[in-house]
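Observations on the model geometry
Take a look at the letters that make up each chain.
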Amino acid sequence: MFSCGAFIRCMTPFILYGTLLSMKIRVRYAPSPTGLQHIGGIRTALFNFLFARSFNTEEGKFILRLEDTDRTRFDKSYVKNLYDTFNWLGFKWDEGPDIGGSFGPYIQSERTKLYKKYAQELLEKGHAYYCFCSAERIEDVRKKRESERSSETGYDRICRSIEPNKAAIRAAEESCTVRLKIPLGEKTIFQDQLLGDIEWLNDDINPDPVLLKSDGFPTYHLANVVDDHLMEVTHVLRAQEWLASTPLHIIMYRAFGWTPPEFCHLPMVMGQDGKKLSKRHGATSIDEFAKQGYLPEALLNYIALLGASYEESLDAKHPEIYTLDELAKHFSIKKLNKAPAVFDYKKLEWYNGQYIRMKSNEVLARLCLPYAIEKGLFAGESPTEQQRKIFLASMSLVKERLVFLSEVPEKIAYLFKEPDVPAKEEFIPKKCDLEKTIELLQIGKEIVKYLAQAINDEQSESFIKAEAEKREIKLGDLMMPLRVAITGSRVSPPLFGSLRLLGEECSLKRIEKAFARLTDCG
């Protein structure tokens, strides 16, 4: 017999899906400008963006809100970093401080009157109270409880017992905060869209947390709840580190008499050692990834797969390469993983290489040029017209070998500046001696004219193979000293393309210097 309860549980996903299709979806990214934008934050922003875009633009809205109430750590440079980061990444919000919207202002420091109003409402309803304890007293209470190994931690709620009218009179003259009155001896239960039913004992929640600070600024908890309600946020997708705050927020929603949004706490991003991703694992700020020479498309593609899957839905030529539109079309909370996501730098490097190879030479040259200028690849601050032509042509030499855009200056430096002549042993092929190497380089000198004037690599390869067979020497042995003479290294971009770019005269000059090194008796 199929029970009514079982039927409801079975139908819940379909009911929720139908509800989503019929309602307007509003999600937000609400960073605190107290640090650089990092992988975890951008993953949260991206998932919110994709969730909004999984509906059409009329039904799904993605909002940016700046939660700048932590004035001790606030810095304008972090606001600039936020905008610069998203300009680089290439996805944008529908409402926010820079573009406005119907629910502004979108900066919390510009909304302080609202928070005071709603803190007063909670006071009047008996869900909050004034606290007159100094920071020193609260610290003393904490230390005493720790020394006594008390099961109770945090604030001791001493001001909770002050009669409200007397507290209001004192608040008009004394410095104070406003604290939330947590209902003790009860449970708070809510449903997380990813984790399922969550049950929390109210006595385990941070004891009566501060909502309004003595300077009139709200804490995160008050501002967050008020703004999400007033901005009509329907779904809150945020990191699982905020899960412990959700029961507190649910209590506040109920105290106001408001319906809370749907919550979805995203899996954490971990390093391969199982610990939360941090600088000890490598780059974490988006600034660092950009400076290293990652492409924004590669970073977004990889981040979108951290804790989510799309393979069952997409039919692409490259099964792991997705555009933002493809990701948005198939994004679903159902495809998120509960387990933490492991950040694999090697996998990200693979993505970056794939996206580099998808670029045209013209686009790749434009992207790499700033790195070349920064490294002083050209004599002046910017390349001459001739240098630009060589730089563009060099892209075909290095494209297949690049992992980062920043690698380009070092890989092609020999095309713009004559490299130092290496030590003799660098020229000598395996199983050859110095005398044989000099002989091989002499042959290279004789054929370099043809290689420099060849139309393409196929013509060069055919010619040098024929020369090697005619002289009964190994092709690799013939090419090694010639490569070192031309590029200054045993490992370099393709030799044939390099010779064509440098030309006969320049190539012969470098070979002559190599001869001088090899025949030097010193």
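Rules behind the numbers
- Going along each chain's sequence as written, the residues are numbered from 1 onward.
- Given that this is a predicted model, residues contribute local features only at a pLDDT of at least 70 and side-chain atom pairs are listed and counted only at 80 or more, while totals for whole chains, interfaces and linings are drawn from all residues.
- Only heavy atoms go into the side-chain values, all of them from the structure, while hydrogens and water stay out.
- Points on a 1 Å grid over protein atoms alone make up a cavity when a 1.4 Å probe fits among them but cannot get out, and a pocket when they form an open set with protein on both sides within 12 Å along at least five of seven lines; lining residues each have an atom within 4 Å of a point.
- Grid points are joined across faces, edges and corners, and a volume is the space filled by probe spheres set on the points.
- Helix and strand definitions here come from DSSP, where helices need a minimum of 4 consecutive H or I residues and strands a minimum of 2 consecutive E residues; each element is numbered from the N-terminal end.
- Note on residue classes: Ala, Val, Leu, Ile, Met, Phe, Trp, Tyr, Cys and Pro are nonpolar, Asp, Glu, Lys and Arg are charged, and everything else, Gly too, is polar.
- Every helix has an expected span of 1.5 Å times one less than the residues it contains.
- A residue's bend is the angle separating two fitted axes: one through the seven residues that end there, the other through the seven that start there.
- Exposure is judged per residue with a 1.4 Å probe applied to protein chains only, and the accessible area is read against the type maximum: over 50% gives exposed, under 20% gives buried, and values in between give partly exposed.
- For this analysis, a polar contact is any N or O atom pair within 3.5 Å, provided that within protein one partner can donate a hydrogen and the other can accept it, and provided that sequence-adjacent residues contribute only side-chain to side-chain pairs.
- The arc in question is traced by the directions running from the helix axis to the C-beta atoms.
- In what follows, a contact means two residues having at least one pair of non-hydrogen atoms within 4.5 Å.

Side note on the layout of surface pockets
Considering only enclosed or pocket space, the largest pocket measures out at about 1200 Å³ in volume. Lining the largest pocket are 43 residues; nearest its centre among them are Ser32, His38, Gly41, Glu241 and Trp242. With 5 residues, the top contributor of residues to the lining of the largest pocket is helix α2 (residues 39–53). Of the residues assigned to the lining of the largest pocket, the class counts are 14 nonpolar, 16 polar and 13 charged.

Here we look at empty space enclosed by the protein
Inspection of the entire model under this criterion finds 2 cavities of 30 Å³ or more. Empty space within the largest cavity amounts to approximately 60 Å³. If you trace the largest cavity, you find it lined by Glu418, Pro419, Asp420, Val421, Pro422, Phe427, Val484, Ala485, Gly488, Arg510, Lys513 and Ala514. Those elements that place two or more of their residues in the lining of the largest cavity are α19 (475–487) and α20 (495–518). Residues belonging to the lining of the largest cavity are distributed by class as follows: 7 nonpolar, 1 polar and 4 charged.

Section: helix α17 (residues 434–453)
The end-to-end C-alpha distance of α17, which contains 20 residues, comes to 29 Å, matching closely the 28 Å that a straight helix rising 1.5 Å per residue would cover. At Ile447, α17 shows its largest bend, some 50 degrees. Buried within α17 we find Thr437, Leu440, Leu441, Ile443, Gly444, Ile447, Val448, Leu451 and Ala452. Regarding α17, its N-cap is Asp433, as a side-chain oxygen of that residue lies 3.4 Å from the backbone nitrogen of Glu435 further along.

Section: helix α14 (residues 385–398)
Helical geometry note: an α-helix holds 3.6 residues per turn, so side chains three or four residues apart project in the same direction. Counted at 1.5 Å a residue, the expected span for α14 with its 14 residues is 20 Å, and the 20 Å between its end C-alpha atoms agrees. Considered for burial, the residues of α14 that qualify are Gln387, Ile390, Phe391, Ser394, Met395, Leu397 and Val398. Burial along α14 is one-sided: seen end-on, the buried residues are contained in an arc of 160 degrees. Opposite the buried face of α14, at more than 90 degrees from it, the exposed residues are Glu385 and Lys389. Buried-residue contacts for α14 involve α13 (361–374), α15 (408–412) and α20.

Just geometry here; none of it tells us what the structure is for.
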